[in-house]
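# Structure assessment
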Amino acid sequence: MSEDVRLVAWVRGRVQGVGFRWFTRAKALEIGGLSGFALNLGDGRVQIVAEGAREGCEGLLEWLQGHDTPGRVDGVTEIWDTPRGGYEGFAIR
């Protein structure tokens, strides 16, 4: 059985105005079992919070760091934590 985790990631690059949050939500739903959100930040980054099975969160992080994302990802900073709950599905904020 997999442990549940919380992933908070900040994605740098050309990631606003290119559908990045929408594709992130679609990927989270494709992976399944993840809840959280994707949010544009004022400094041009996108923040992603995902909670669920470690394998699912690792898969989302791998996708965020890969070359299949919209726009251009220059880097991803992540923090792992224990889940806090309170999310219904995966939202775009």
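Conventions we followed
Residues numbered from 1 in each chain as written. Predicted model: local features only at pLDDT ≥ 70, side-chain atom pairs only at ≥ 80, totals over all residues. Heavy atoms only, no water. Pairing = 2+ DSSP bridges. Helix = DSSP H or I, 4+ residues; strand = E, 2+ residues; numbered from the N terminus. UniProt positions renumbered as here; feature names shortened; annotations may be inferred. Contact = heavy atoms within 4.5 Å. Polar contact = N/O pair within 3.5 Å; in protein donor to acceptor, adjacent residues only side chain to side chain. Expected span 1.5 Å × (residues − 1). Buried < 20%, exposed > 50% of the residue type's maximum accessible area, 1.4 Å probe, protein only. Arc of directions from axis to C-beta.

### A look at the pairing of strand S1 (residues 4–14)
- Both S1 and strand S3 (residues 46–53) contribute to a ladder of eight bridges, which runs antiparallel. Bridge pairing in S3 links Val 8 to Val 49.
- Across nine bridges, the pairing between S1 and strand S4 (residues 72–81) is antiparallel. By the bridge assignment, Val 11 is partnered in S4 with Val 76.

### A short note on the UniProt feature "active site" (unreviewed entry) in the protein chain
- Under the present numbering, the feature "active site" (unreviewed entry) in UniProt falls on Arg 21 and Asn 40. Annotated residues spanning 20 residues; largest pairwise C-alpha distance 7.8 Å, indicating a single compact cluster.
- Locating Arg 21 in the fold gives a position in helix H1 (residues 20–31).
- In contact with Arg 21, other than residues within four places in its own chain, are Ala 38, Leu 39, Asn 40, Val 46, Ile 92 and Arg 93.
- By secondary structure assignment, the location of Asn 40 is in strand S2 (residues 35–40).
- Dropping the residues within four chain positions of it, Asn 40 is found in contact with Gln 16, Arg 21, Arg 45, Val 46 and Arg 93.
- Engagement of the side chain of Asn 40 in a polar contact is seen with the side chain of Arg 21, the distance being 3.5 Å.

### Some words on H1
- Compared with an ideal rise of 1.5 Å per residue, which puts 12 residues at 16 Å, H1 spans 16 Å between its outermost C-alpha atoms and is within 8% of the ideal.
- When H1 is considered as a whole, its buried residues turn out to be Phe 20, Thr 24 and Ala 28. The buried residues of H1 all sit within an arc of 75 degrees when viewed along its axis, so they share a single face. Facing away from the buried side of H1 by more than 90 degrees, the exposed set consists of Trp 22 and Glu 30.
- Where the residues of H1 are buried, they touch S1, S2, S3, helix H2 (54–65), S4 and strand S5 (90–92).
- Within two residues after H1, Gly 32 carries a phi angle of roughly 85 degrees, on the positive side.

### What to know about the environment of Gly 52
- Along the chain, Gly 52 falls in strand S3.
- Owing to a relative accessible area of 8%, Gly 52 belongs among the buried residues under this scheme.
- For the pair Gly 52 and Leu 7, spaced 45 residues apart in the sequence, the C-alpha separation amounts to 8.7 Å.
- Residues in contact with Gly 52, not counting those within four places in the same chain, are Glu 3, Asp 4, Val 5, Gly 33, Leu 34 and Cys 57.

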